[in-house]
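Analysis of the macromolecular model
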Amino acid sequence: MSFQNARFVLSAAAKTGYPPTELPEVVLAGRSNVGKSSFINALCQQKHLAYVGKRPGKTRLINFYEIPQILSLVDAPGYGYAKRSRTELAAYGQLMEDYFRLRPISGVLLIVDSRHGLMPDDEDMLTFIREKQLKVLIVATKSDKLTQSERMKTLAQLQQRFGHEVILFSAQRPQEVKRMQDRLLEFIAESKNNPA
């Protein structure tokens, strides 16, 4: 049982493409440029498990990953990318609505950039998650780009303002990767014992 055994399952453009799973399912939600792919690669200790795009807004599909015997990790398309057409935005909305309505979701990791905190789009997503009555954990990435005092200030501000647990995360810091792995296992156990 190891995060390093994670594998890519498939990408889905519509609800007909969702894979069956018996594992707890945890969704990664966040803005297009927040580093979700880097988060997945660091969490699973693989360099190329998730594709890291050079420009935001490239991922238009829901990507499913499996960490055998542990969980199904689902990377939802990033939101907040302004250059998408009205048609693309409508398709994105339908894709997300179908996913959250149809899947047995154990919880959501809301991924934010630690340098910017929760942006208006993130607040909208947090409201959406609450409306769905799902458990949420806020993960503030790129924490290595902050000084120690900035890290503590960011952590305190996010926790106080939004009333949710916040974890500072850097793909460059092994101790933070290990802490995230441990916390994710606890998060799944909590979801099993106390569904939202």
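Please refer to the structure placed before this passage.
These figures come from a predicted structure and were not determined experimentally.

The rules behind each value
- Residue numbering note: each chain is counted from 1, following its sequence as written.
- Residue-level local features of this predicted model are given only where pLDDT is at least 70; pairs of side-chain atoms are given and counted only at 80 or more, and the full residue set underlies all totals for whole chains, interfaces and linings.
- Where side-chain values are given, they derive from all heavy atoms of the structure, hydrogens and water being excluded.
- In DSSP terms, a helix is any run of H or I states spanning at least four residues, a strand is any run of E spanning at least two, and both are numbered starting from the N terminus.
- We call a residue buried when its accessible area falls under 20% of the maximum for its residue type, exposed when it is over 50%, and partly exposed in between, using a 1.4 Å probe and counting protein chains only.
- When checking whether two residues touch, look at their non-hydrogen atoms; a contact exists if any pair is within 4.5 Å.
- Accessible areas in this description were obtained via Shrake-Rupley with a 1.4 Å probe; residue shielding takes into account the shown protein chains only.
- Charge counting treats Lys and Arg as positive and Asp and Glu as negative, with His and both chain ends excluded.
- A charge is said to be at NZ when it belongs to Lys, at CZ for Arg, at CG for Asp and at CD for Glu.
- Whenever a carboxyl oxygen of Asp or Glu lies within 4 Å of a side-chain nitrogen of Lys or Arg, that contact is scored as a salt bridge.
- Working definition: a ring pair exists when centres of Phe, Tyr or Trp rings (six-membered ring for Trp) sit within 6.5 Å. Plane angles under 30 degrees give stacked, over 60 give edge-to-face, the rest tilted.

Counting its secondary structure elements, the protein contains five helices and seven strands. Taken from N to C terminus, the helices and strands of the protein fall in the order β-β-α-β-β-α-β-α-β-α-β-α. Seen through its principal axes, the protein has C-alpha atoms that stretch 45 × 40 × 35 Å. Taking all 196 residues of the protein together, 48% fall into the buried category. Within the protein, counting contacts between residues at least 6 apart in sequence, those at least 24 apart form 75% of the total. In the structure as shown, the protein presents an accessible area of about 10,200 Å², 49% of it carried by carbon and sulfur atoms. Here the protein contributes 28 positively and 20 negatively charged side chains, and the mean placements of these two sets differ by 5 Å.

By the definition in use, this model includes 14 salt bridges. Among the ionic pairs, Arg103 bridges to Glu25, the shortest N-O distance being 2.9 Å. Taken as a pair, Arg103 in the loop between α2 (86-102) and β5 (105-113) and Glu25 in strand β2 (residues 25-30) lie far apart in primary sequence, 78 residues in all. The same class applies to Arg103 as to Glu25, namely buried. A salt bridge links Glu176 to Arg151, with the nearest nitrogen and oxygen atoms 2.9 Å apart. On the criterion of sequence distance, the pair formed by Glu176 in helix α5 (residues 174-193) and Arg151 in helix α4 (residues 148-162) is long-range, its members being 25 residues apart. Assigned by exposure class, Glu176 and Arg151 land together as buried.

Looking now at the packing of aromatic side chains. One pass over the structure, following the stated rule, counts seven aromatic pairs. With centroids separated by 5.5 Å and ring planes inclined at 65°, the aromatic side chains of Phe8 and Tyr65 adopt a geometry described as edge-to-face. Residue Phe8 is found in strand β1 (residues 7-12), and its partner Tyr65 is found in strand β3 (residues 62-67); the two are separated by 57 residues along the sequence. For Tyr65, a relative accessible area of 4% puts it in the buried group. Residues Tyr18 and Tyr99 carry aromatic rings whose centres are separated by 5.8 Å and whose planes lie at 85° to one another, so their mutual orientation is edge-to-face. Residue Tyr18 is located in the loop between β1 and β2, and its partner Tyr99 is located in helix α2; the two are separated by 81 residues in the primary sequence. Take Tyr18 and Tyr99: they sit in the same class, and that class is buried. One aromatic cluster is present, formed by Tyr18, Phe64, Tyr99, Phe100 and Phe128 through successive ring pairs.

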